[in-house]
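Below, each chain spelled out in residue letters.
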Amino acid sequence: METVLATSAAAWGVLMGISPALQIRKMLHHRSSRQVSIAYFWVLLVGFTLWVAYGLTIGNWFLVVPNAVAFTVCVTTIAVALRYRLRSGGGAVDSTAA
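Residues numbered from 1 in each chain as written. Predicted model: local features only at pLDDT ≥ 70, side-chain atom pairs only at ≥ 80, totals over all residues. Heavy atoms only, no water.

Q: I'm lost on the side chain of Asn67 in this one. Help?
A: Within the secondary structure, Asn67 is located in helix H4 (residues 61–87). When residues no more than four places from it in sequence are discounted, the contact partners of Asn67 are Phe48, Trp51 and Val52. (Helix = DSSP H or I, 4+ residues; strand = E, 2+ residues; numbered from the N terminus. Contact = heavy atoms within 4.5 Å.)

Q: Explanation requested: helix H1 (residues 2–18) in the structure shown.
A: Side chains three or four residues apart in an α-helix point the same way, a direct result of the helix having 3.6 residues per turn. Counted at 1.5 Å a residue, the expected span for H1 with its 17 residues is 24 Å, and the 24 Å between its end C-alpha atoms agrees. Of the residues making up H1, those classed as buried are Ala6, Ala10, Gly13 and Gly17. What you see down the axis of H1 is that its buried residues fit within an arc of 60°, all on one side. Counted as exposed and oriented over 90 degrees from the buried face of H1: Val4, Leu5 and Trp12. In this structure, the buried residues of H1 make contact with H4. (Expected span 1.5 Å × (residues − 1). Buried < 20%, exposed > 50% of the residue type's maximum accessible area, 1.4 Å probe, protein only. Arc of directions from axis to C-beta.)

Q: Would you take a moment to explain the confidence of the model for the protein chain for this structure?
A: Looking at the protein chain, the pLDDT average stands at 89 and 90% of residues meet or exceed 70. Ranking the elements of the protein chain by mean pLDDT puts H1 last with 91 and helix H3 (residues 38–58) first with 96. Segment residues 90–96: pLDDT under 50, and seven contacts once partners within four positions in sequence are set aside and those in other chains are kept. (pLDDT = per-residue confidence, 0-100.)

Q: Hey, could you run me through the nonpolar core in this one?
A: For soluble globular proteins, the rule of thumb is that nonpolar side chains tend to be buried together. If you look at the biggest cluster of nonpolar residues, it comprises 13 residues, and the most contacted ones within it are Met27, Phe41, Cys74, Ile78 and Val80. Every element with two or more residues in this core is listed here: helix H2 (21–30), H3 and H4. Per element, the largest residue contribution to this core is six residues, and it comes from H4. Contacts of Phe41, omitting those with residues within four sequence positions, involve Pro20, Gln23, Val36, Cys74, Thr77 and Ile78. (Core = buried A, V, L, I, M, F, W, Y, C linked by side-chain atoms within 4.5 Å.)

Q: What exactly am I supposed to notice about the side chain of Thr77 here?
A: Relative to the helices and strands, Thr77 resides in helix H4. For Thr77, a relative accessible area of 0% corresponds to the buried category. Among the polar contacts made by the side chain of Thr77, one reaches the main-chain carbonyl oxygen of Val73 at a distance of 2.8 Å. (Polar contact = N/O pair within 3.5 Å; in protein donor to acceptor, adjacent residues only side chain to side chain.)

So this is what it looks like as structure tokens:
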């Protein structure tokens, strides 16, 4: 039962980890990141980093894999958001999106 739960949680974690790709898609479509909070993704990034480190420390790949996927997507989301922010008027940021 433990392995089934771990596998299910890890699989769902991967789906959760790739869900910010929806934000990336929206930014690319609108060519803007004004509605995206970059600070939110930085907070997530720290959390994903900690969970990957913890999973590696205890040798638990059910923790490492989904959080590594989430880390990668989160970094990509931040990069796309920053690219649009820097491109639009010297990095002006919409204060409501922070």
